[in-house]
Each structure stands twice: as C-alpha cells, then as structure tokens.
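Chains, contacts and geometry: an overview
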Amino acid sequence: MHYGIIRRIVTLAELIEPDRAQVWAWFFETHIEALGGRPVELAFHGRGPEVVAFLLDILSRTRHASNVKPFPRRPKRQIGPQPNDDLFAHGAGAVVAVPGR
C-alpha cells in the first residue's frame with residue numbers, strides 16, 4: 001500500500017469535516033456502506049482510489065464545489081543552484097575539531 005493514498009483520503013475528508021480528530025475517527029471507525037468497508041481497510045487492501053472517488057463525489061455535491069481542488073500538491077523542488085551552494089561548493093570551510101579526540 002502506498003501511504004500517499006491515506007494522505008489524499010484524509011486531506012479530502014478534511015475539506016468536508018475540518019476537525020482533524022473527527023476525520024481520523026471516521027477513517028478508522030466508520031463503515032462506508034456503499035464501498036463495503038471502513039476507509040482504513042479499503043486503503044490497506046488497495047481500494048483507496050475508491051474512497052477518494054467517494055469523497056470527490058460528496059465534495060462535488062456541495063455548494064462551493066467549483067472551489068475544491070482534488071488534491072493539494074507539494075511544491076516542486078527547485079532544480080539548479082540553491083541559495084547556499086556557494087558556502088559548500090569549494091570545500092574550503094573551517095574544520096572544527098571534536099574535543100577529546
């Protein structure tokens with residue numbers, strides 16, 4: 001099982017229920033009749049995308065469905081020189097001795 005699916009399920013559930021404790025209680029304890037199991041069971045048995053589709057269907061029926069993005073995306077890592085590259089590029093930094101050695 002890929003843990004990213006749990007993140008997607010919980011993130012979508014938080015769009016419906018903002019209380020994180022309630023979301024986790026739902027994830028572990030609530031049986032979804034339409035899917036035949038609890039979200040945690042479904043996710044661990046490779047049926048997480050069905051839970052995601054279930055939640056997206058619920059969100060699409062809400063008043064502000066046009067504002068809902070399916071999943072938050074991680075910012076992409078910058079490729080190329082990083083801000084501190086000049087500090088470590090030449091290996092000329094001071095060496096600090098460890099006391100007692």
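Details of the structure are given in the entry above.
Residues numbered from 1 in each chain as written. Predicted model: local features only at pLDDT ≥ 70, side-chain atom pairs only at ≥ 80, totals over all residues. Heavy atoms only, no water.

Points about a nonpolar patch on the surface
- Taken together, the side chains of Leu15, Ile16 and Ile58 present a nonpolar region at the surface, about 240 Å² in accessible area.
- By secondary structure assignment, the location of leucine 15 is in helix H1 (residues 3–16). (Patch = residues over 30% accessible without salt bridge, like charges linked within 9 Å, V, L, I, M, F, W, Y side chains within 5 Å. Areas by Shrake-Rupley, 256 points an atom, 1.4 Å probe, with all protein chains shown as cover. Salt bridge = Lys/Arg side-chain N within 4 Å of Asp/Glu carboxyl O. Helix = DSSP H or I, 4+ residues; strand = E, 2+ residues; numbered from the N terminus.)

Observations regarding the packing of aromatic side chains
- Applying the stated rule across the entire model yields three aromatic pairs.
- When the centroid spacing of 5.8 Å and the interplanar angle of 25° are considered together, the rings of tryptophan 24 and phenylalanine 28 count as stacked. Of this pair, tryptophan 24 and phenylalanine 28 both sit in helix H2 (residues 20–29), separated by four residues, roughly a single helical turn.
- Residue class for tryptophan 24 comes out partly exposed when judged on its relative accessible area of 32%.
- Between phenylalanine 27 and phenylalanine 28, the aromatic rings sit 5.1 Å apart at their centres with planes inclined by 85°, giving edge-to-face as the arrangement.
- The class of phenylalanine 27 is buried, set by a relative accessible area of 1%.
- Grouped by ring-pair contacts, the aromatic residues Trp24, Phe27 and Phe28 constitute a single cluster. (Phe/Tyr/Trp six-rings, centres within 6.5 Å; stacked < 30°, edge-to-face > 60°. Buried < 20%, exposed > 50% of the residue type's maximum accessible area, 1.4 Å probe, protein only.)

Overview of the packing of H1 against helix H4 (residues 48–60)
- As a packed pair, H1 and H4 sit with axes 10 Å apart at the nearest point and diverge in direction by 20°. When the interaxial angle is binned, H1 and H4 end up roughly parallel. For the crossing formed where H1 meets H4, the hand is left-handed. Across the interface between the two elements, Ile5, Arg8, Ile9, Leu12, Ala13, Leu15 and Ile16 from H1 touch Gly48, Pro49, Val51, Val52, Leu55, Leu56, Ile58 and Leu59 from H4.
- Across the contact of H1 with H4, the residue classes tally to 13 nonpolar, one polar and one charged. (Axes fitted to C-alpha atoms, helices over the stretch in contact; angles between N-to-C directions. Parallel < 35°, antiparallel > 145°, perpendicular 65-115°, else oblique. Left-handed = near helix turned anticlockwise from the far one by under 90°. Contact = heavy atoms within 4.5 Å. Nonpolar A, V, L, I, M, F, W, Y, C, P; charged D, E, K, R; others polar.)

A short note on the nonpolar core
- Counting residues in each nonpolar core, the largest one holds 18 residues, and the members touching the most others are Ile9, Trp26, Phe27, Val51 and Leu55.
- Going through the elements one at a time, H1, H2, helix H3 (39–44) and H4 are the ones with two or more residues in this core.
- No other element matches H1, which puts six residues into this core.
- If we ignore the near neighbours within four places in the chain, the residues touching valine 51 are Ile9, Trp26, Leu35, Pro39 and Leu42. (Core = buried A, V, L, I, M, F, W, Y, C linked by side-chain atoms within 4.5 Å.)

Considerations on the pattern of salt bridges
- This model, assessed by the stated rule, comprises four salt bridges.
- One salt bridge connects arginine 20 with glutamate 14, and the closest N-O pair in it is separated by 2.6 Å.
- Judged by relative accessible area, which is 52%, arginine 20 ranks as exposed.
- Of the charged contacts, one joins aspartate 57 and arginine 61 as a salt bridge, the two residues approaching to 2.6 Å between their closest N and O atoms.
- With a relative accessible area of 64%, arginine 61 lands in the exposed category.

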